[in-house]
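Each chain, written out:
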Amino acid sequence: MNFSVSSFDDLSARIAAVRDEHGERFPGGAEGRQPVHTVYVPADRFSRSTPADFGAEALRLLNTHTPGAGSFGAAFGLDPEIAGPVRERVAAKLASEPVEDVRIDFEDGYGVRADAEEDGHVAQVVEAVAAAYQVKGLPHYWGVRVKSFADGGHERAMRTLDGFLTALRDRLGRLPGGFTITFPKVVAAEHVALFTEYLDRLETALGLPSGILRFEIQVETPQALFDGDGRVALRAIAESAAGRLTAAHFGVFDYTAALGLPPHEQRLDHPACDFARHVMQVSFAGTGVRLSDGSTNVIPRNDGPDEVNAAWATHAAHVRHSLRHGFYQGWDLHPAHLPSRYAAVYAFHLSGVDDVIGRVRAWHEQAAGGAGGVLDEPATIRALTSRLRRAVDCGALDESVLPAT
């Protein structure tokens, strides 16, 4: 073979350097299981049985208002072919693992209290967490939400987190796995950098391994999307976390209120929220930072069928909206949200699942002509495989149905 250029070794080295730098900044998706939701519980209402209590109440509502596949399918707008299997799996989920991620809330859901009162609730929460841990009653993921650094609550936030972790260390001698801190109302990368510095100091003081305290931010202000100079702010915010950032959660109501939307338009599926979610997706794609949508504030006012079914319809529609936009996690605030969460998520995963499995299997078996008339790209197969993995992780599918890869 004849070459016109005598050597391109220098170019190869520079190309490899660019590739390596890109790989460090964009390592790919996060590893491991992602919860389908985060359940927020005010700190003064959290007890060791809270996750199980949520599941029991959700299962009661499910059995009361949708006792069979027909009523279940009608309540959640499901295809009759999958209504039965989905209901069966939702009921099993509510009985075995109703809450995948819980956040004990010392922020908006808790409010501003006197220091002595919040200190007392910190001690109460420590005992509840320790008791739940000892009987294996903590969800797979759990954590606390502290107050924001943006509105004067910074000293209380640091005091609460310090008191909680110190008392938990003294009570258990360790930090149970799956722990995450929620850092709300981010308005500046500098606040994230200061919070990260505080966590460094806290780890040293507690004798914890460096970097074990990880956190998620809440994107609920316009300034979290675009900084004062009009630049996209999220990457700078992530870099300020110095490797501690696990996820970014969208805050619907603070965000829409900040934009001046009227109360009846402050909803998860508003187009303004779609814009914010898309900025989050583009900013964090390939970084390993997970995304979560926000909450639905509609809950039943009583146990009547009209109230329950109306709340379910609204919440399930919001969950489906999130899933269509590639947000596979959201917030839940009430036991009534659990049936509609799992109904929508399981239906999403089970609809057309045989076709998905066939396409993945055909790809790995190098079937000629594709599967079902589709010539899939590697990126599509990765997305389909991720969908199947999420379905297994949340209980919508059994591991045994996954195609060998």
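- An unreviewed UniProt entry annotates the protein as Aldolase originating from Actinomadura decatromicini.
- Under the UniProt heading Cofactor (unreviewed entry), the note attached to the protein is "Mg(2+)".

**Some points on unusual backbone geometry**
Here is step 1: The residue lysine 136 is not glycine, and still its phi comes out positive at about 60 degrees.
Here is step 2: With respect to the helices, strands and loops of the structure, lysine 136 is situated in the loop between α5 (115–134) and β3 (141–145).
Here is step 3: Note on lysine 136: relative accessible area 79%, which makes it exposed.
Here is step 4: For lysine 185, which is not glycine, the phi torsion reads 50 degrees and is therefore positive.
Here is step 5: Note that lysine 185 resides in the loop between β4 (179–183) and α7 (189–206).

**Things to note about the nonpolar core**
Here is step 1: With 105 residues, the main nonpolar core has Leu161, Phe164, Phe179 and Phe215 as its most contacted residues.
Here is step 2: Residue contributions to this core peak at eight residues, all from helix α13 (residues 337–350).
Here is step 3: Looking at which domains feed residues into this core, each of domain 1 (37–350) and domain 2 (354–404) supplies at least three.
Here is step 4: Leaving out residues up to four positions away in the same chain, phenylalanine 164 has contacts with Val122, Val125, Val126, Val129, Trp142, Val144 and Phe179.

**Digging into the environment of phenylalanine 164**
Here is step 1: Turning to its location among the elements, phenylalanine 164 is positioned in helix α6 (residues 154–172).
Here is step 2: For the pair formed by phenylalanine 164 and valine 144, sequence separation is 20 residues and the distance between their alpha carbons is 9.2 Å.

**Structural notes on the domain arrangement of the protein**
Here is step 1: Domain assignment breaks the protein into domain 1 (37–350) and domain 2 (354–404).
Here is step 2: Measuring from the centre of the C-alpha atoms in domain 1 to the corresponding centre in domain 2 gives 30 Å.
Here is step 3: Carbon and sulfur atoms supply 49% of the area buried between domain 1 and domain 2, which totals about 850 Å² over both sides.
Here is step 4: At the surface where domain 1 touches domain 2, the tally comes to one salt bridge.
Here is step 5: Secondary structure elements with two or more residues in the side of domain 1 that touches domain 2: α4 (80–96) and α13.
Here is step 6: Broken down by element, the residue count for the side of domain 1 that touches domain 2 peaks at five residues, all from α13.
Here is step 7: A per-class count over the side of domain 1 that touches domain 2 returns five nonpolar, one polar and three charged.

Rules behind the numbers
Residues numbered from 1 in each chain as written. Predicted model: local features only at pLDDT ≥ 70, side-chain atom pairs only at ≥ 80, totals over all residues. Heavy atoms only, no water. UniProt positions renumbered as here; feature names shortened; annotations may be inferred. Helix = DSSP H or I, 4+ residues; strand = E, 2+ residues; numbered from the N terminus. Buried < 20%, exposed > 50% of the residue type's maximum accessible area, 1.4 Å probe, protein only. Core = buried A, V, L, I, M, F, W, Y, C linked by side-chain atoms within 4.5 Å. Domains from an automatic or database assignment. Contact = heavy atoms within 4.5 Å. Buried area = accessible area lost by both parts, 1.4 Å probe. Salt bridge = Lys/Arg side-chain N within 4 Å of Asp/Glu carboxyl O. Nonpolar A, V, L, I, M, F, W, Y, C, P; charged D, E, K, R; others polar.

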